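The primary structure of each chain is shown beneath.
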Amino acid sequence: MSEAVVLRGIGRTFAGRRPIAALDGIDLTVRAGEFVTLFGPSGSGKSTLLRIIAGLERADAGTVQVLGGPPREAARRKDIGWVPQNAALLPWARVRTNAGLSALVNRRADRSSHPQRVPQDVDGILAEVGLADFADARPGQLSGGMQQRAALARVFVQGAPLLLMDEPFSALDEITRSSVRLQLLDLWERHRKTVVFVTHSAEEAALLSDRVIVLSPRPGRITAEIEVPIPRPRADCAADSDAVRAVEREITAALRAGASG
Ligand SMILES: Nc1ncnc2c1ncn2[C@@H]1O[C@H](COP(=O)(O)OP(=O)(O)OP(=O)(O)O)[C@@H](O)[C@H]1O
Ligand SMILES: [Mg+2]
């Protein structure tokens, strides 16, 4: 299947004394293996859209297809991996157990046939994120950045073909953040999952994404789509290459134009 997510005419209005139109007329197709970032001001409906894709929230207009069917079915098959803002690790369990947790919880789902989800070896992924020496540690013994790397390990061990990440690095300081960001870049380039990512950092969007979707606030509408032409692997061009800077400026300009338009 070449299309991982297909959104057509998605709208969502939250009822209340003053109803809030969070999303309107969202048309978006995410190809399998593509890294797409939702970028927009606070209140532009990014989290709402991510939750609709995850099947955690309903749309009140339009249609959603995820991995060839309704989101809830994909979620039931554990084909959707979710990376939260905070690592959300179990404090009493060792890093290896935490990283293997979704695989453990999903054993029952694994018994049915799963052509799409390919669970990965825990220790292999921990080594990939540089946590091999900390597999027996508890989360409390890790730094914030290491905890977030353990959370990334957990979702890659799960092996889901679609990963949804809502500002996964926003709680980290800038230096830690740029190193964990490179870790994700590296993991993604090796495993090629479909990712829908949310960030407020134009630099992060430019460095990681194949395509950046710019949204306007209330109602959230797509005001620009920016293809990122930087060749991969990108780890070498890291954060200070001119190419990344140029895309970053383009994203920021599109955000301003969308907000004033
Ligand atoms: N459960 C809800 N009930 C009522 N209104 C909601 C609910 N969830 C979101 N909204 C409203 O919908 C709009 C979009 O919210 P959403 O959280 O999707 O924005 P966002 O782009 O993720 O913002 P941020 O960048 O601040 O995380 C906001 O105006 C918000 O107040
Ligand atoms: Mg949000």
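Scroll up a little and you will see the structure.
Residues numbered from 1 in each chain as written. Chains lettered and ligands numbered in written order. Predicted model: local features only at pLDDT ≥ 70, side-chain atom pairs only at ≥ 80, totals over all residues. Heavy atoms only, no water.

1. So, the pairing of strand S6 (residues 162-166)
Across the five residues of S6, five count as buried, placing the element largely inside the fold. Residues Leu162, Leu164 and Asp166 of S6 are buried on one face, and the alternating residues Leu163 and Met165, pointing to the opposite face, are buried as well. Relative to S6, strand S5 (residues 80-83) runs parallel, the two being bridged by four bridges. Across the sheet, residue Ile80 finds its bridge partner in S6, namely Leu162. Pairing analysis gives five bridges linking S6 to strand S7 (residues 194-198), with the strands arranged parallel. When the bridges of S7 are listed, Leu164 appears paired with Val196. Assessed by its sense of winding, the connection that carries the chain from S6 through helix H8 (residues 174-191) to S7 is right-handed. (Buried < 20%, exposed > 50% of the residue type's maximum accessible area, 1.4 Å probe, protein only. Helix = DSSP H or I, 4+ residues; strand = E, 2+ residues; numbered from the N terminus. Pairing = 2+ DSSP bridges. Right-handed = clockwise from strand over helix to strand, strands pointing away.)

2. Things to note about helix H7 (residues 144-158)
A rise of 1.5 Å per residue sets the reference length of H7, with its 15 residues, at 21 Å; its end C-alpha atoms lie 21 Å apart and thus fit the reference within 8%. The element H7 is extensively covered by neighbouring structure, given that 13 of its 15 residues are classed as buried. Taken from the residues just after H7, Gly159 is the one with a positive phi, measuring 80°. (Expected span 1.5 Å × (residues − 1).)

3. Some remarks on unusual backbone geometry
At the junction of Arg218 and Pro219, the peptide bond is cis and its omega measures out at -5° in the coordinates. Looking at the secondary structure, you find Pro219 in the loop between strand S8 (211-216) and strand S9 (221-227). Between Arg232 and Pro233 the backbone carries a cis peptide bond, its omega angle lying at -5°. You can see Pro233 is positioned in the loop between S9 and helix H10 (242-260). Despite not being glycine, Leu67 shows a phi value in the positive range, around 50°. Structurally, Leu67 can be placed in the loop between strand S4 (61-66) and helix H2 (71-76). Leu67 gets classed as buried once you look at its relative accessible area, which sits at 8%.

4. Overview of the packing of aromatic side chains
Under the criterion given, the structure shown has three aromatic pairs. Between Phe35 and Trp188, the aromatic rings sit 5.6 Å apart at their centres with planes inclined by 85°, giving edge-to-face as the arrangement. Note that Phe35 is positioned in strand S3 (residues 35-39) and Trp188 in helix H8, a separation of 153 residues in sequence. As far as the burial class goes, Phe35 and Trp188 line up, both buried. Note on Phe169 and Phe197: the rings are 6.2 Å apart at their centroids and 55° apart in plane angle, and the pair reads as tilted. Of this pair, Phe169 sits in the loop between S6 and H8 while Phe197 sits in strand S7; the two residues are 28 residues apart in sequence, bridging distant segments of the chain. The exposure class assigned to Phe169 is buried, which follows from its relative accessible area of 0%. Residue class for Phe197 comes out buried when judged on its relative accessible area of 0%. Members of the aromatic cluster, joined through ring pairs, are Phe35, Phe169, Trp188 and Phe197. (Phe/Tyr/Trp six-rings, centres within 6.5 Å; stacked < 30°, edge-to-face > 60°.)

5. Remarks on the site of ligand 1
As a structural note, the neighbourhood of ligand 1 is formed by 14 residues, with Ser42, Lys46, Ser47, Thr48 and His200 the closest of them. In this structure, an oxygen atom belonging to ligand 1 sits 3.0 Å away from a main-chain N or O atom of Gly45. His200 places a polar side-chain atom, nitrogen or oxygen, 2.9 Å from an oxygen atom of ligand 1. Computed on the free molecule, ligand 1 has an accessible area of 630 Å², of which 65% lies beneath the protein chains in the complex. Ranked by residues supplied to the shell around ligand 1, first place goes to helix H1 (residues 46-54) with three residues. Its residues placed into classes, the shell around ligand 1 shows four nonpolar, seven polar and three charged. (Near = heavy atom within 4 Å. Polar contact = N/O pair within 3.5 Å; in protein donor to acceptor, adjacent residues only side chain to side chain. Areas by Shrake-Rupley, 256 points an atom, 1.4 Å probe, with all protein chains shown as cover. Nonpolar A, V, L, I, M, F, W, Y, C, P; charged D, E, K, R; others polar.)

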